[in-house]
Amino acid sequence: MPLVIVISGIIFFLLLILFIIRYGVIKQKPEDELENQSIIHTSGIYSIVRKSPRENIDAIKPTSEEISQYLHDQTVDIENNEVTEQDKRILLSFWHKSLDNAINEIEEGDKRGIEFYYYDFLEEDVVCKKFISKGHYITRENIYAHPELIPPFHLGCKCILKHHEGTEVTPDTAKLGLRPFLQDEELLPALPNWKHILKT
Ligand SMILES: [Zn+2]
């Protein structure tokens, strides 16, 4: 008789443990799923807003080799000014410096949650003039969707990217001449051909 009670006790105890495990698993599952969803959601936003364009820029912009190869056969710029070997070296280093500056501006902006950038010019730029004006702005989302929007746009390009503080373009900023560069978020506007040379 005591043996039956002991065995019954063990069985009851085992069933109790099984019940607790089962109940615990069912109760826990939705919480796990919720947690996973929020991680994916967060990482999704992170990848759009914070991913530096530096990693993929080589697929968009010509490389040093391509530029050097192209410059090798060139003798004049778009305004028919002579392009010497020294000019070519300057054009190449200026290209890299400009691109690096533009990406730095975006990376620094990302640290502070900057959402708007606008184009400005170091000097008059007869190549870009036909496409972009000072004050044309693009959003961080535009840059993510179209990294082609990052200057420089051609050899000797004087276009630079500047961050704009604030999370919206208000009538005040519109007064400063800020206006959207993209008429359609999906469509990349025409941009200069990188092979156009503008000597400094
Ligand atoms: Zn330009």
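Structural data are supplied above this passage.
Residues numbered from 1 in each chain as written. Predicted model: local features only at pLDDT ≥ 70, side-chain atom pairs only at ≥ 80, totals over all residues. Heavy atoms only, no water.

**So, the overall build of the protein**
Test applied: The helix count covers DSSP runs of H or I at least four residues long, the strand count covers runs of E at least two residues long, and both are numbered beginning at the N terminus. Only protein chains enter the area calculation, which uses a 1.4 Å probe; residues under 20% of their type maximum are buried, those over 50% are exposed, and those in between are partly exposed. A contact between two residues is defined here by any heavy atoms of the two lying within 4.5 Å. Per-residue accessibility takes into account occlusion by the displayed protein chains alone, with areas from the Shrake-Rupley method and a 1.4 Å probe.
Scanning the protein for helices and strands turns up 6 helices and 4 strands. Helices and strands in the protein line up, N terminus first, as α-α-α-α-β-β-α-β-α-β. Sorting the 200 residues of the protein into buried and exposed places 32% on the buried side. Contacts in the protein between residues far apart in sequence, at least 24 positions, make up 79% of those at least 6 positions apart. Of the roughly 13100 Å² of accessible surface on the protein, 59% is carried by carbon and sulfur atoms.

**Some remarks on the nonpolar core**
Filter applied, for reference: Residues belong to a common nonpolar core when they are buried Ala, Val, Leu, Ile, Met, Phe, Trp, Tyr or Cys residues joined through side-chain atoms within 4.5 Å.
Core analysis: the largest hydrophobic core is formed by 30 residues, its most contacted members being Tyr119, Ile138, Ile150 and Leu155. Of all the secondary-structure elements, those providing two or more residues to this core are α3 (64-72), α4 (85-111), β1 (116-121) and β3 (159-164). Residue contributions to this core peak at 7 residues, all from α4.

**Description of the coordination of the zinc ion**
Going by this rule: Here the term donor refers to an N, O or S atom within 2.8 Å of the metal (or 3.2 Å for Na, K and Ca), and because water is left out of the atoms, sites may appear incomplete. Irregular is the default label, applied whenever a site is not tetrahedral (four donors, all angles between 85 and 135 degrees) and neither square planar nor octahedral (four or six donors, opposite donors over 155 degrees apart, all other angles between 65 and 115).
Bound to the zinc ion on the protein side are Asp125 (OD), Cys128 (SG), His154 (NE2) and Cys157 (SG), at distances that span 2.0 to 2.3 Å. For the zinc ion, the 4 donor atoms in the first shell make angles of 102 to 116° at the metal, a pattern classed as tetrahedral. Counting the intervening residues between successive donors of the zinc ion yields the motif D-x2-C-x25-H-x2-C. In this pair, Asp125 sits in the loop between β1 and β2 (136-139) while His154 sits in the loop between α5 (140-145) and β3, placing the two residues 29 residues apart along the sequence. There is no split in this pair, since Asp125 and His154 are both buried.

**Here we look at the packing of aromatic side chains**
Counted only if it meets this: For Phe, Tyr and Trp, rings pair up if their centres lie within 6.5 Å, where Trp contributes its six-membered ring, and each pair is then called stacked (planes under 30 degrees apart), edge-to-face (over 60) or tilted (otherwise).
Scanning all chains against the criterion turns up 4 aromatic pairs. Among the aromatic residues, ring-to-ring pairing joins Tyr119, Phe153 and Phe181 into one connected group.

**Observations concerning the sheet that holds β2**
Note on sheets: strands pair through backbone hydrogen bonds, and any given pair is parallel or antiparallel. Put simply, the rule is: We treat two strands as partners when DSSP finds at least two bridges between them.
Overall, mixed pairing links the 4 strands, which are arranged β3-β1-β2-β4 in an open sheet. Lying at the two open borders of the sheet, with one neighbouring strand each, are β3 and β4 (179-180). Where β1 lies against β2, 3 bridges are found, and the strand directions are antiparallel. Looking at the pairing, Tyr117 lines up with Ile138 of β2.

**Let's talk about the pairing of β2**
Of the two faces of β2, the one holding His136 and Ile138 and the one holding Tyr137 and Thr139 are both buried throughout. Here β2 runs beside β4; their pairing, made up of 2 bridges, is parallel. When the sheet's bridge partners are listed, Tyr137 is paired in β4 with Pro180.

**Some thoughts on a negative patch on the surface**
Short version of the rule: Exposure above 30% relative accessible area and the absence of a salt bridge qualify a residue for a patch, where like charges join within 9 Å and nonpolar side chains (Val, Leu, Ile, Met, Phe, Trp, Tyr) within 5 Å. By definition here, a salt bridge exists when the distance from a side-chain nitrogen of Lys or Arg to a carboxyl oxygen of Asp or Glu is within 4 Å. Charge counting follows a simple rule: Lys and Arg are positive, Asp and Glu are negative, and His as well as the terminal groups are ignored. Every charge is mapped onto a representative atom, which is NZ of Lys, CZ of Arg, CG of Asp or CD of Glu.
On the surface, Glu115, Glu141, Asp184, Glu185 and Glu186 cluster together to form a negatively charged patch. Summarising the element assignment, Glu186 is placed in the segment after β4. Among the residues examined, Glu186 registers a relative accessible area of 66% and is labelled exposed.

**Structural notes on the packing of α3 against α4**
Applied cut-off: Working convention: axes come from line fits to C-alpha atoms, limited for helices to the stretch in contact. Angles between N-to-C directions cover 0 to 180 degrees. Oblique is the label for any angle not covered by the other classes, which are roughly parallel (under 35 degrees), roughly antiparallel (over 145) and roughly perpendicular (65 to 115). For a crossing to be left-handed, the near helix must be turned anticlockwise from the far one by less than a right angle; the clockwise case is right-handed. Amino acids are sorted into nonpolar (Ala, Val, Leu, Ile, Met, Phe, Trp, Tyr, Cys and Pro), charged (Asp, Glu, Lys and Arg) and polar (every other residue, Gly among them).
Two elements in contact, α3 and α4, have axes whose closest approach is 11 Å; the angle formed by their N-to-C orientations is 155°. With respect to their mutual orientation, α3 and α4 come out roughly antiparallel. For the pair α3 and α4, the crossing hand works out as right-handed. Of α4, the residues touching α3 (which contributes Ser64, Ile67, Ser68, Leu71 and His72) are Lys88, Leu91, Leu92, Trp95 and His96. Here the contact of α3 with α4 is built from residues that sort into 5 nonpolar, 4 polar and 1 charged.

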